[in-house]
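Remarks on the overall topology
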Amino acid sequence: MGAKGATVEFRSVTKRYGSAIALERFSLQIAEGEFVTLLGPSGSGKTTALNILAGFTDATEGEVEIGGRTVTNLPPEKRNLGMVFQNFSLFPHLTVFENVAFPLRLRKYPKASIHRTVMESLETVHLTEYAARMPRTLSGGQQQRVAIARSIAFRPPVLLMDESLSALDLKLREALQAEIKRLHREIGCTILFVTHDQGEALALSDRVAVMRNGSILQVDTPQAIYDSPAHRFVAEFIGNTNILPVQKSRAGASVIAGMEGSLTGVGCGHISLRPERIRRVAENDDLSRLIVAKGHVTQVRFRGASVYCDVLLPSGHTIEFHESRGEGRPIPAIGDLISIGFHPDDVVIFGADT
């Protein structure tokens, strides 16, 4: 059941609603068969971009291309896109089979071809035995899988997914994430996914475009977005991080408030330090290459495989660090005075303007 993907390109797309700007000179190129996620908080413009690509919303300025063809002025039905919505949007009076067959009947597929294609689509989402069921008899996850089967039945070159898993509980959402990854490998179409869930974006995507105020701040692989954020907002929005000020000491070295050790080649500004990069240290450890600090534990959050702790430094800054329980160390207690450290290479540095 292979479907060839198509390239997608937004070229300087702007969308205004009166004086409000939902998208501003939004540009993005998506390769054939790529899985790209638009990630950002509510109001960042990600759904507006998706709706402009789908043809549901007109761009104020700019152009959109699919497969090298300009579609800016084409109606939605002429763009040949698959779409999976947040609320499933199944027809309650139609069986699972008829729901999946609906876009094929609109496209006037032959009757024999419709039956074969519907069953292939349901097999892809592991729901062939539910073909005769009504949507109301299915769980939320099963309904969403029917919606996905319907969206891929006519082999669209591009599949759009708008917050498609946000209405599901955590366990089901994680299970469907694995299903979507498998489907993407099998069907080969290009996917543009919209979510505000950063964990979902990191788990699913080939690339992630982090948005704020109608613009892309950074687009890169999930690992690069997490490990090397180009903007302070990206560092804070993706996962947990510690943002700490860097200042010049009297000797001219760049130091982090409340910590011993210096950073080289850094001016004033801020650093991002992921909690998992920090570890407890002892006096007999080799501290020569580490930046270290002492502080009192103010919060302990048990997460099963790991423990999350907050440490208050003498400078008044609080640092969060994560410790794996696999290391076999006793869990810190609130009030404990502990030493923590990290390697200078583990920080990401931001200037005053980021």
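Located above this text is the structure these notes cover.
For clarity, every value in this text was computed on a predicted model and none was experimentally measured.

The rules behind each value
Residues numbered from 1 in each chain as written. Predicted model: local features only at pLDDT ≥ 70, side-chain atom pairs only at ≥ 80, totals over all residues. Heavy atoms only, no water. Helix = DSSP H or I, 4+ residues; strand = E, 2+ residues; numbered from the N terminus. Buried < 20%, exposed > 50% of the residue type's maximum accessible area, 1.4 Å probe, protein only. Areas by Shrake-Rupley, 256 points an atom, 1.4 Å probe, with all protein chains shown as cover. Lys, Arg positive; Asp, Glu negative; His and termini not counted. Charge placed at Lys NZ, Arg CZ, Asp CG, Glu CD. Pairing = 2+ DSSP bridges. Contact = heavy atoms within 4.5 Å. Axes fitted to C-alpha atoms, helices over the stretch in contact; angles between N-to-C directions. Parallel < 35°, antiparallel > 145°, perpendicular 65-115°, else oblique. Left-handed = near helix turned anticlockwise from the far one by under 90°. Nonpolar A, V, L, I, M, F, W, Y, C, P; charged D, E, K, R; others polar.

For the protein chain, the helix and strand inventory stands at eight helices and 20 strands. Expressed as a percentage of the 354 residues in the protein chain, the buried residues total 50%. Approximately 16,700 Å² of the protein chain is accessible, and the part contributed by carbon and sulfur atoms is 49%. Here the protein chain holds 39 positive side-chain charges and 38 negative ones, and the gap between their average locations is 6 Å.

This next bit is on the sheet that holds strand β4 (residues 61-66). Across the sheet, which stays open at both edges, the four strands sit in the order β2-β1-β4-β5 with antiparallel pairing between neighbours. Either end of the sheet is taken by a strand with one partner, and the two such strands are β2 (20-30) and β5 (69-70). Each of β1 (8-17), β2 and β4 is contacted by helix α1 (residues 46-54), which is oriented at about 115° to β1, the strand it contacts most.

Trans peptide bonds make up most of the peptide bonds, and negative phi angles are found at most residues other than glycine. Non-glycine residue Arg 25 carries a positive phi angle of around 45°. When you line up the elements, Arg 25 lands in strand β2. A positive phi angle is found at Asn 80, which is not glycine, with a value near 55°. Note on placement: Asn 80 falls in the loop between β5 and β6 (81-84). According to the relative accessible area criterion, Asn 80 is partly exposed, its value standing at 33%.

What follows covers the packing of helix α2 (residues 96-106) against helix α3 (residues 111-124). Contact pair α2 / α3: the axes reach a minimum separation of 9 Å and the direction vectors enclose 120°. With respect to each other, α2 and α3 are oriented oblique. Classified by chirality, the crossing of α3 by α2 is right-handed. Where α2 abuts α3, its residues Val 96, Phe 97, Val 100, Ala 101, Leu 104 and Arg 105 lie against Ile 114, His 115, Thr 117, Val 118, Met 119, Ser 121 and Leu 122. Class assignment of the residues belonging to the contact of α2 with α3 gives a composition of nine nonpolar, three polar and one charged.

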